[in-house]
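Listed here are the chains, written in short residue letters.
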Amino acid sequence: MPDSSAIDHGAVTTAGDAHAEHPSYQRHHFETVEQQADASAFAMWLFLLTEVMFFGGLFTAYLIYRNWYYPAFVSASHQLNVVWGTLNTVVLILSSFTMAMGVWCAETRRRRGLVLCLTLTMTLGLVFLGIKTVEYKEKIEKHHVPGQHYSLQSFLDPAHDEAALAAGDKPLALDMARHTEIYFSLYFAMTGMHALHMIIGIGILAFMIFRARAGAYTGGHVTFVENFGFYWHFVDLVWIYLFALLYLISRHQ
Amino acid sequence: MSEETKHTHQIVGPKVYVIILFALLIGTALTVWASFIELGPWNPVIALAIATGKAVLVVLFFMQVKYSSKLTKLTVGAGIFTLLALISMTLSDYISRAWGRW
């Protein structure tokens, strides 16, 4: 047995000098650091693909309902504010950039740069959620939250609704107007799930900033920062499509 | 492990990230501008095309897929293919069955 294990493990023969052969962060079930990095990137992508499928289902539902109840979806979409939406898109793209720079700082072992980048990313994430809160508040005030207190006022009588008037909406028939509730159900489901991902991300960022200050990710082991970066960029990616589908494609008609 | 699949961890520099940042910001400005022009059925097509262009930049550069191993590239490609297959199969089902009779 000792002979065969010596052959199997090549250079790493005895337990005593095992750590001299590879960095301390390399787990013993991996042959090389590269293999470990490959495996973790692969696993992270598999997780992200489950997320892609999850949001993909919501996007498909939106696509089908929009085709079914087209006038309702167009009028309901006019209730969203493009300025806030655009601002949030810019904020999120900037946060993706600072996150990418954070990964670079970790890779090139810049501890202070990493802490700065992560802090900026977290701040921009909070700004995004702040703007989202302003938008949600407006929806609550206008009774556009699906449920018992949902109001059809903006869609039955667009002449007395600022946003509907600006978009030149015509009054919808009652049965079509009622379908605007489906738009807002999908709006809150999709932006809500997106916001939940942001909140989780901000929580992990806070943890990472705490650890990065102690130099946790600038000693050569950058897997955690890299994988979190993938997650954060994925959240940005979802928003790019949400912005186009919820805010932009119904500006006209 | 053959030479082609070997993972060489390439560090992507700030220069690339700055270029991508500006490309994404320009894409955002472009898509907002395009949404205010009356293009009929092309409005959603253009909005989704620009969104997809931005998504490709994010995946390739920010998420470093361009610089990653073949395994990662294949995983991402297979995922996107599966997503598109599921969406188009669902849509073809809706279009060919009860469209207009809801």
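Position numbers for residues start from 1 in each chain and track the written sequence from start to end. For this description, chains carry letters from A and ligands carry numbers from 1, given in the order in which they are written. Local features in this predicted model are restricted to residues of pLDDT 70 or higher, and side-chain atom pairs are both shown and tallied only at a pLDDT of 80 or more, whereas totals for entire chains, interfaces and linings draw on every residue. Only heavy atoms go into the side-chain values, all of them from the structure, while hydrogens and water stay out.

Let us look at the overall build of chain B. Broken down by element type, chain B carries three helices and zero strands. Secondary structure elements follow DSSP: runs of H or I no shorter than four residues count as helices, runs of E no shorter than two count as strands, and numbering proceeds from the N terminus. Secondary structure elements of chain B, listed N to C terminal, follow the sequence α-α-α. Exposed residues in this analysis have more than 50% of their type's maximum accessible area, buried residues have under 20%, and partly exposed residues fall in between, with area computed by a 1.4 Å probe over protein chains only. Out of the 102 residues belonging to chain B, those deemed buried represent 34%. Contacts in chain B between residues far apart in sequence, at least 24 positions, make up 56% of those at least 6 positions apart. For chain B, the accessible area works out to roughly 6200 Å², and carbon and sulfur atoms hold 73% of it. Only heavy atoms enter the contact rule, under which two residues are in contact if any of them lie within 4.5 Å. Per-residue and other accessible areas follow the Shrake-Rupley method at a 1.4 Å probe size, with only the shown protein chains counted as cover for residues.

All names here are of chain B. As used throughout, domain bounds are those supplied by an automatic or database domain assignment. Looking at the assigned domains, one finds that chain B contains domain 1 (9–68) and domain 2 (69–102). Each of domain 1 and domain 2 has a C-alpha centre, and the two are 22 Å apart. On the domain 2 side, the residues contacting the five residues of domain 1 number five residues. Two parts placed together each lose some accessible area under a 1.4 Å probe, and the buried area is that loss summed for both. Taken over both partners, the interface formed by domain 1 and domain 2 buries close to 330 Å², and the fraction arising from carbon and sulfur atoms is 62%. The salt bridge definition used is simple: a Lys or Arg side-chain nitrogen within 4 Å of an Asp or Glu carboxyl oxygen. There are zero salt bridges connecting domain 1 and domain 2. Pairing of N or O atoms within 3.5 Å defines a polar contact, subject to two protein rules: one partner must be a possible hydrogen donor and the other a possible acceptor, and residues neighboring in sequence count only if both atoms are side-chain atoms. Applying the counting rule to domain 1 against domain 2 returns two residue pairs in polar contact (both at pLDDT 80 or more).

A separate point is the packing of aromatic side chains. Classification of ring pairs uses Phe, Tyr and Trp, with its six-membered ring standing for Trp, and accepts pairs whose centres are within 6.5 Å; under 30 degrees between planes counts as stacked, over 60 as edge-to-face, and the remaining range as tilted. Taken as a whole and assessed by the stated rule, the structure comprises 27 aromatic pairs over all chains. Between Phe-61 of chain B and Tyr-67 of chain B the ring centres are 6.3 Å apart and the planes differ by 65°, which places this aromatic pair in the edge-to-face class.

The next thing to look at is the interface of chain B and chain A. Between chain B and chain A, the contact holds 49 residues from the first and 48 residues from the second. The interface formed by chain B and chain A holds zero salt bridges in total. Where chain B meets chain A, there are one residue pair in polar contact (both at pLDDT 80 or more). Listing elements by their share of the side of chain B that touches chain A, those giving two or more residues are helix 1 (14–35), helix 2 (42–62) and helix 3 (70–96) of chain B. For the side of chain B that touches chain A, the element with the highest residue contribution is helix 3 of chain B, accounting for 12 residues. Tallied by class, the residues present in the side of chain B that touches chain A amount to 30 nonpolar, 17 polar and two charged. Residue polarity follows a fixed list, in which Ala, Val, Leu, Ile, Met, Phe, Trp, Tyr, Cys and Pro are nonpolar, Asp, Glu, Lys and Arg are charged, and the others, Gly among them, are polar.

Residue and element names in this part refer to chain A. Applying the stated criterion across every chain, the model contains three salt bridges over all chains. A salt bridge links Glu-135 to Lys-132, with the nearest nitrogen and oxygen atoms 3.0 Å apart. Remark: Lys-132 and Glu-135 occur in helix 6 (residues 111–141); sequence separation between them is three residues, near one turn of the helix. Linking Glu-141 and Lys-137 is a salt bridge whose minimum nitrogen-to-oxygen distance equals 2.9 Å. Of this pair, Glu-141 and Lys-137 both sit in helix 6, four residues apart, which is roughly one turn of the helix.

Only the stretch in contact is used when fitting a helix axis, every axis being a line fitted to C-alpha atoms; angles between N-to-C directions are given from 0 to 180 degrees. Interaxial distance between helix 11 (residues 223–248) of chain A and helix 2 of chain B falls to 9 Å at its minimum, and their mutual angle equals 175°. Judged by the angle between their axes, helix 11 of chain A and helix 2 of chain B are roughly antiparallel. Contacts between helix 11 of chain A and helix 2 of chain B involve His-233, Asp-236, Leu-237, Ile-240, Tyr-241, Ala-244 and Leu-245 of chain A from the first element and Ala-47, Leu-48, Ala-51, Thr-52, Lys-54, Ala-55, Val-58, Val-59 and Phe-62 of chain B from the second. Looking at the contact of helix 11 of chain A with helix 2 of chain B residue by residue, the classes come out as 12 nonpolar, two polar and two charged. In what follows, roughly perpendicular refers to angles from 65 to 115 degrees, roughly parallel to angles under 35, roughly antiparallel to angles over 145, and oblique to any angle outside these ranges.

Moving on to a nonpolar patch on the surface. All names here are of chain B. Grouping into patches uses exposed residues only, defined as over 30% relative accessible area, and leaves out salt-bridged ones; the cut-off is 9 Å for like charges and 5 Å for nonpolar side chains (Val, Leu, Ile, Met, Phe, Trp, Tyr). A grouping of Leu-30, Trp-33, Ile-37, Leu-39, Trp-42, Val-45 and Ile-46 is seen on the molecular surface, where their side chains present a nonpolar patch of about 670 Å² in accessible area. Listing elements by their share of the nonpolar patch, those giving two or more residues are helix 1 and helix 2. With three residues, helix 2 is the largest single contributor of residues to the nonpolar patch. For Leu-39, a relative accessible area of 31% translates into the label partly exposed.

We now examine the environment of Leu-25 of chain B. With respect to the element layout, Leu-25 of chain B can be found in helix 1. Looking at Leu-25 of chain B, the relative accessible area reads 23%, which means it is partly exposed. Between the alpha carbons of Leu-25 of chain B and Lys-54 of chain B there is a distance of 9.2 Å; along the sequence they are 29 residues apart. Not counting residues within four places of it along the chain, the set of residues in contact with Leu-25 of chain B comprises Val-90 and Ile-93 of chain A.

Residues and elements named next belong to chain A. Partitioning chain A into domains gives domain 1 (1–31) and domain 2 (33–248). Of note, the centres of domain 1 and domain 2, computed from C-alpha atoms alone, are 45 Å apart. Each side of the interface is counted separately: domain 1 has seven residues, and domain 2 has seven residues. At the boundary of domain 1 with domain 2, total buried surface from both sides reaches about 640 Å², with 61% on carbon and sulfur atoms. If you sort the residues of domain 1 by the area they bury against domain 2, Tyr-25, Phe-30 and Glu-31 come out on top, with a joint share of 82%.

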